[in-house]
Each structure stands twice: as structure tokens, then as C-alpha cells.
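Structural features, examined
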Amino acid sequence: MSSSTPVSSSTGWTGESVNVSVSPAMTVPVSAPVPPPSESPGRRVWLRFKAQRLGYWSTIVFVALFVISLLGEVLANDKPLLIRYEGHYYFPIVKDYSEKVFGGDFPARANYLDPYIRDRLESKGNFAIYPPNHFHYDTVDYFATTPNPAPPSAANWIGTDQFGRDVLSRLLYGFRLSVLMALALTVSGVFLGVLTGAVQGFYGGRTDLIGQRLIEIWSSMPDLYLLIIFASIFEPTLWLLFILLSAFGWLTLSDYVRAEFLRNRSLDYVRAARTMGLSNWQIMWRHVLPNSLTPVITFLPFRMSAAILALTSLDFLGLGVPAPTPSLGELLAEGKNNLDAWWISGAAFGGLVVTLLLLTFMGDALRTALDTRTRGSAFGGAQK
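Below: a short report on this structure. (Residues numbered from 1 in each chain as written. Predicted model: local features only at pLDDT ≥ 70, side-chain atom pairs only at ≥ 80, totals over all residues. Heavy atoms only, no water.)

**Let's talk about the packing of aromatic side chains**
- The final tally for this structure, using the stated rule, is 16 aromatic pairs.
- Consider the rings of Tyr 97 and Phe 102, whose centres lie 6.2 Å apart with planes at 75°: the pair is edge-to-face.
- Its relative accessible area of 14% is what places Tyr 97 among the buried residues.
- Judged by its relative accessible area of 0%, Phe 102 is buried. (Phe/Tyr/Trp six-rings, centres within 6.5 Å; stacked < 30°, edge-to-face > 60°. Buried < 20%, exposed > 50% of the residue type's maximum accessible area, 1.4 Å probe, protein only.)

**Details of the sheet that holds strand E3 (residues 82-85)**
- Read from one edge of the open sheet, three strands run E4-E3-E5, paired in antiparallel fashion. The strands lining the two open edges of the sheet, one partner per strand, are strand E4 (88-90) and strand E5 (127-129). In this sheet, neighbouring strand axes are inclined to one another by 15° on average, regardless of whether the strands run parallel or antiparallel.
- Relative to E4, E3 runs antiparallel, the two sharing three bridges. Residue Ile 83 lies in a different strand from E4, and its bridge partner there is Tyr 90. (Pairing = 2+ DSSP bridges. Helix = DSSP H or I, 4+ residues; strand = E, 2+ residues; numbered from the N terminus. Axes fitted to C-alpha atoms, helices over the stretch in contact; angles between N-to-C directions.)

**What to know about the pattern of salt bridges**
- Summed over the entire model, instances satisfying the criterion amount to eleven salt bridges.
- Arg 165 is the salt-bridge partner of Asp 161, the closest N and O atoms lying 2.9 Å from each other. As far as burial versus exposure is concerned, Asp 161 and Arg 165 are alike and both buried.
- Put simply, Arg 213 and Glu 216 hold a salt bridge, and the shortest N to O gap is 2.7 Å. One end of the pair, Arg 213, and the other, Glu 216, are both in helix H6 (residues 205-219), three residues apart, so they sit about a helical turn from each other.
- By relative accessible area, Arg 213 is classed as partly exposed at 37%. (Salt bridge = Lys/Arg side-chain N within 4 Å of Asp/Glu carboxyl O.)

**Quick notes on helix H13 (residues 328-337)**
- Counted residue by residue, H13 has eight buried out of ten residues, so it is predominantly covered.
- For H13, the full list of buried residues reads Leu 328, Gly 329, Glu 330, Leu 331, Leu 332, Ala 333, Glu 334 and Gly 335.
- Elements in contact with the buried residues of H13: helix H5 (167-203), helix H12 (294-317) and helix H14 (342-370). (Contact = heavy atoms within 4.5 Å.)

**Some remarks on helix H1 (residues 41-51)**
- Residues Val 45, Arg 48 and Phe 49 constitute the buried set of H1. The buried residues of H1 all sit within an arc of 100° when viewed along its axis, so they share a single face.
- Lining the buried residues of H1 we find helix H2 (53-70) and H14. (Arc of directions from axis to C-beta.)

**Re the environment of Ala 369**
- With respect to the element layout, Ala 369 can be found in helix H14.
- For Ala 369, a relative accessible area of 0% gives the class buried.
- A sequence separation of 323 residues divides Ala 369 from Trp 46, and the C-alpha atoms of the two residues are 7.5 Å apart.

**Some details on the side chain of Glu 334**
- Note on placement: Glu 334 falls in helix H13.
- At a separation of 2.8 Å, a polar atom in the side chain of Glu 334 contacts the side chain of Arg 165.
- Look past the residues within four positions of Glu 334 in its chain and what remains in contact with it is Asp 161, Gln 162, Phe 163, Arg 165 and Ile 344. (Polar contact = N/O pair within 3.5 Å; in protein donor to acceptor, adjacent residues only side chain to side chain.)

Spelled out as C-alpha cells, the structure:
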């Protein structure tokens with residue numbers, strides 16, 4: 001006759017005891033409770049950023065606006081997306097056709113705003129699918145009946161400028177150009193700023209001293225005067241603007257990266273990496289740089305705001321992109337020259353304010369998500 005022995009075990013994390021009767025010949029394995037998996041630092045950053053509702057929704061709105069602007073040729077264009085004419089299909093958005101193809105008299109490129117061409121495309125058995133806005137940023141409607149600048153109407157939703165060009169199309173394409181230029185300037189500024197700041201902060205000493213003096217000399221140069229001088233010598237182009245603005249856009253970030261490298265180079269994990277025989281460049285890029293990216297990431301939206309403001313200011317002064325390239329600054333300049341056409345300056349000012357506000361809210365949310373001094377920080381910050 002076998003006897004049973006009571007065994008006491010705890011369940012889960014509650015600490016409650018449960019008596020289990022087992023025989024001496026039977027062994028009951030009792031598994032230890034498994035703690036819940038901890039979240040990665042990147043996951044904690046995302047959750048903290050998502051908790052900042054204003055910055056989170058600002059990011060969604062900004063990305064949506066940027067994606068819409070990238071589809072500008074599909075949303076705002078004077079060419080139909082698809083034409084079916086006399087049993088054949090045409091794609092004017094990707095290929096130019098002569099107006100003779102659609103019953104015109106001249107071999108020139110078809111003007112799809114011409115009432116005659118439109119009547120031919122809308123005749124029996126034919127059709128054309130147009131973009132929501134029928135005007136490209138440089139389209140001039142020679143068949144319009146309202147003098148320019150024309151107020152908002154069913155054809156031009158935000159009116160036209162002094163040359164008869166659609167303001168909504170120029171705002172859409174100008175926003176795209178500003179964001180793309182800001183992204184390019186941000187990438188170049190981050191590359192140059194991280195490179196110079198990392199070298200100064202990691203090596204210190206004479207390297208840091210000489211680098212700081214050179215940066216002080218370079219930052220004291222009047223970049224606006226340099227732009228005016230170069231604009232008077234060379235024809236203004238996007239590449240020239242990019243080179244000149246990139247030459248001064250990295251100075252602020254290099255100071256932040258230098259300070260982070262000066263702090264991190266004396267920590268224990270750097271000494272351990274040296275003990276393992278890693279070279280200075282391996283320590284810099286594999287160990288110190290990943291732990292110094294907080295100011296870099298926080299800096300990105302504000303750098304984009306500064307780039308957009310710089311490009312807008314230069315375009316407003318006539319030193320920016322060449323005509324007829326659309327830009328927010330050029331729209332502001334047209335609004336200044338046509339104060340009675342309130343829709344021009346209103347659209348440009350509204351677009352600029354919304355863009356800068358969205359970027360500012362995104363930057364504040366990123367700074368809060370990466371702040372190690374607040375409660376629940378992604379990097380285990382102190383409680384507040």
C-alpha cells in the first residue's frame with residue numbers, strides 16, 4: 001500500500017501555496033515562473049513617442065502631405081491620365097502627343113485645355129480621365145475668361161497668380177521641393193556634423209582645439225552675403241543652393257555630437273573595447289556613436305525646419321530656385337507684389353506655418369521620447 005506525501009508549491013507570481021499529494025514513486029516537476037519579456041529600447045522609444053499625441057499625429061499628417069505631394073503629377077497636371085480616342089488608348093502623362101492625333105490642325109503638342117480638343121475627347125465613344133486639378137505648376141490657361149490674378153473658383157480652387165498659373169499646383173509642388181531639399185540638407189548636415197563632432201570629441205586634445213578654432217572661423221562667415229555673391233556670379237540652381245546651404249548646415253550638430261563623444265569616451269565600455277584590441281574607428285562607430293545618437297535624432301525635425309526657412313527666405317529675396325520652379329518663398333514674393341490678391345500670400349503663408357508647426361511638434365515629441373531624465377525613459381531614466 002503506497003503512501004502519499006503532500007508537496008507544497010507556489011503558483012505564478014502570486015505566492016499562493018497549493019498542496020499536491022504525490023506518491024514516493026512519482027516525481028512532479030515544478031517549473032519556475034517565467035518573467036514577461038522586457039521591451040527593447042527601440043520599442044520603448046516608439047511607445048513614448050506614440051504617447052505624445054500631438055507629435056504622433058503631426059508625424060502622420062506630415063508624412064501624408066509629403067506622400068500627396070510626391071503624387072503631384074497624378075493629382076495636379078494639365079495632361080489627362082488616360083485617353084480613349086477612336087478605339088485607341090493614349091497616356092499623355094507619360095508621353096507627349098501632337099494635337100493632330102486628336103483631330104487638331106497643328107503638329108504642336110496637344111493643349112488639353114483647348115475647348116476644341118476637349119470637345120473631340122468628349123465626343124461619342126471617346127473619353128479622357130483627368131487629374132483632380134487640371135493645371136500643372138507652370139500651366140497658363142490661355143482660354144480663361146477672368147483676368148489674372150484670378151480669385152478662387154471652381155476651376156482654380158485657390159485662384160491664380162499674376163501670370164495665370166494655378167496657386168494650388170504651385171503650393172503642392174513647392175511643398176514637395178521644400179521638403180526634398182530639406183531632407184537632402186538634413187542628410188548632408190548630419191553626415192558632416194557627426195563626422196567632425198565625433199573626431200573632435202573622441203580624440204580631444206590638440207585635435208579638438210584646432211577643430212573648434214576652425215569651426216569658429218567658418219561659422220563667423222556671413223553665409224547670406226556669400227549666397228548673394230555667388231548668385232551674382234553663377235546662375236542660381238538647386239545644386240548651387242544645396243552646396244552653399246550644406247556648407248553651413250552642420251555646425252550646430254557637430255557641437256552636440258562632440259559633447260556626447262567627450263562624455264562617452266571615458267566610460268567603462270570604451271575601456272573594455274580598448275582592452276579587447278579594437279581600433280579607434282571601430283570603437284567610435286560601433287560603440288560610442290550608437291550611444292550618442294539621441295541629440296542627432298532629436299535634431300532632425302528642427303534641422304528640416306531651418307532648411308525650409310532658409311530656402312524660403314532665399315526664394316523670397318530672389319536668390320533661390322530659378323523661375324518657373326515653384327517654391328513657398330516665390331509664392332510669398334508674389335503675394336507681396338499683389339497685396340490685393342490675398343489668396344496668394346494666404347496660401348503660401350498657411351502652407352509654411354503648417355509645415356513648420358508639424359515639424360516642431362514632431363521634434364518636441366522625439367525629444368520627450370528620448371529624454372533619459374523623465375520617468376519611463378527608453379533608456380531607463382530616473383523617476384520624476
